[in-house]
Amino acid sequence: MNNKLSLDFYSQADVVSVARQLLGKHLYSKIGGKITGGIIVETEAYRGPDDRGSHAYMDKKTPRTEMMYQAGGVAYMYICYGIHDMLNIVTGTEGMSHAALIRAIEPIEGLDVMRNRRAIFDDDKRLCQGPGALAKAMGLSKLHNGTDLQGDTIWLTDEGLSYSDLEVMAGARVGMNFEGPYKTIPWRFYVKGNAHVSRPRI
DNA sequence: TATAGGATAGGCT
DNA sequence: GCCTATCCTATAG
């Protein structure tokens, strides 16, 4: 596997473009000696400091957001609603607080492991459908915050698959509970008609 | 220190 | 469709 995404990819300045480019890339994790992974089919871009939806809005620096300011190519993970772990890909250069949330993958590797972690045995399309579900299926938690994506714990590859603009939908991000332009800005990208995309398909 | 609320998912009406 | 578990984080006092 020599087709890991490079630092050049992660250091791109435009996180919205990166989120779009991530569709079709493969995401893998190796946790407890078990490899799981699949094709990214849904992402969202978070562009601090101007993005009100970002944890780094207004350049907010806290212990939690610290990882978002690292140079691109590491994981930013945090817990949402006390229950769900979220996996983000940090992008841009050091000091930029940009990140792309991975919301859903189409599982292709380690299906049995994912079924067991999720305790779902009769509906594979639900295994990684949504950011919390995906992290659980792949064995990821906020313990993996800061993981270097060039390593062998979490990594992304280009397997030659890409989706054309005709196959991709852009819409408002999920869970934006505030008012203003960033509530509805179309920074959520997903593969049209793909069964593994999470709920709100609008 | 105390407390309100969140980039969700699953179960129930 | 509506409801809420669950606990960490951020912010205020």
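These numbers come from a predicted model, not from an experiment. Here the residue numbers are simple positions, counted from 1 along each chain's written sequence. As they are written, the chains are lettered A onward and the ligands numbered 1 onward, keeping that order. Since the coordinates come from a predicted model, pLDDT governs what is reported: local features require at least 70, and pairs of side-chain atoms require 80 or more to be given and counted, while whole-chain, interface and lining totals use all residues. As a convention, hydrogens and water are excluded, and side-chain values are obtained from all of the structure's heavy atoms.

(A) Main features of the side chain of Ser141. Tracing the chain through its elements places Ser141 in the loop between α4 (131-137) and β6 (154-157). Residues are treated as being in contact if the distance between any of their heavy atoms lies within 4.5 Å. If sequence neighbours within four positions are ignored, Ser141 has contacts with Met77 and Asp85. Secondary structure elements are taken from DSSP: a helix is a run of H or I of four residues or more, a strand is a run of E of two residues or more, and numbering for both begins at the N terminus.

(B) Region of the structure containing the protein's contact with DNA strand C. The environment of DNA strand C is formed by Lys60, Thr62, Pro63, Arg64, Tyr81, Gly82, Ile83 and Lys142. We call two N or O atoms a polar contact when they sit within 3.5 Å, provided that within protein one can donate a hydrogen and the other can accept it, with sequence-adjacent residues counted only if both atoms are side-chain atoms. Between DNA strand C and Tyr81 there is a distance of 2.4 Å, counted from a base oxygen to a backbone nitrogen or oxygen. Interatomic distance of 3.4 Å between a backbone N/O atom of Gly82 and a sugar or linking oxygen of DNA strand C. Tallied by class, residues from the surface near DNA strand C come to 3 nonpolar, 2 polar and 3 charged. Here a residue is considered near a molecule or strand provided that any single heavy atom belonging to it is located within 4 Å of it. Ten residues, namely Ala, Val, Leu, Ile, Met, Phe, Trp, Tyr, Cys and Pro, are considered nonpolar, four, namely Asp, Glu, Lys and Arg, are considered charged, and the remaining ones, Gly among them, are considered polar.

(C) Focus on the protein's contact with DNA strand B. Surveying the vicinity of DNA strand B reveals 21 residues, the closest of which are His84, Asn88, Arg118, Gly130 and Gly132. The separation between a base nitrogen of DNA strand B and a polar main-chain atom of Gly53 is 3.4 Å. Within the side chain of Asn88, one N or O atom sits 2.6 Å away from a base nitrogen of DNA strand B. Taken together, the elements giving at least two residues each to the surface near DNA strand B come down to β4 (84-91), β5 (98-109) and α4. Broken down by class, the residue content of the surface near DNA strand B amounts to 10 nonpolar, 8 polar and 3 charged.

(D) The arrangement of the pairing of β4 in detail. Within β4, 7 of the 8 residues are buried, which leaves it mostly tucked inside the rest of the structure. Each pair of strands is called paired provided DSSP finds at least two bridges between the two strands. Sheet analysis places strand β3 (residues 75-80) next to β4, joined by 6 bridges and oriented antiparallel. The partner of Cys80 across the bridge, within β4, is His84. Linking β3 to β4, which pair antiparallel, is a turn of 3 residues; within it Tyr81 sits at a positive phi near 55°. Examined bridge by bridge, β4 and β5 share 4 bridges and lie antiparallel to one another. Residue exposure (1.4 Å probe, protein chains only): buried if accessible area is under 20% of the type maximum, exposed if over 50%, otherwise partly exposed.

(E) Spotlight on the environment of Asp59. As for its placement among the helices and strands, Asp59 is situated in the loop between β2 (34-47) and β3. Asp59 sits in the partly exposed class, given a relative accessible area of 39%. For the pair Asp59 and Arg103, spaced 44 residues apart in sequence, the C-alpha separation works out to 24 Å.

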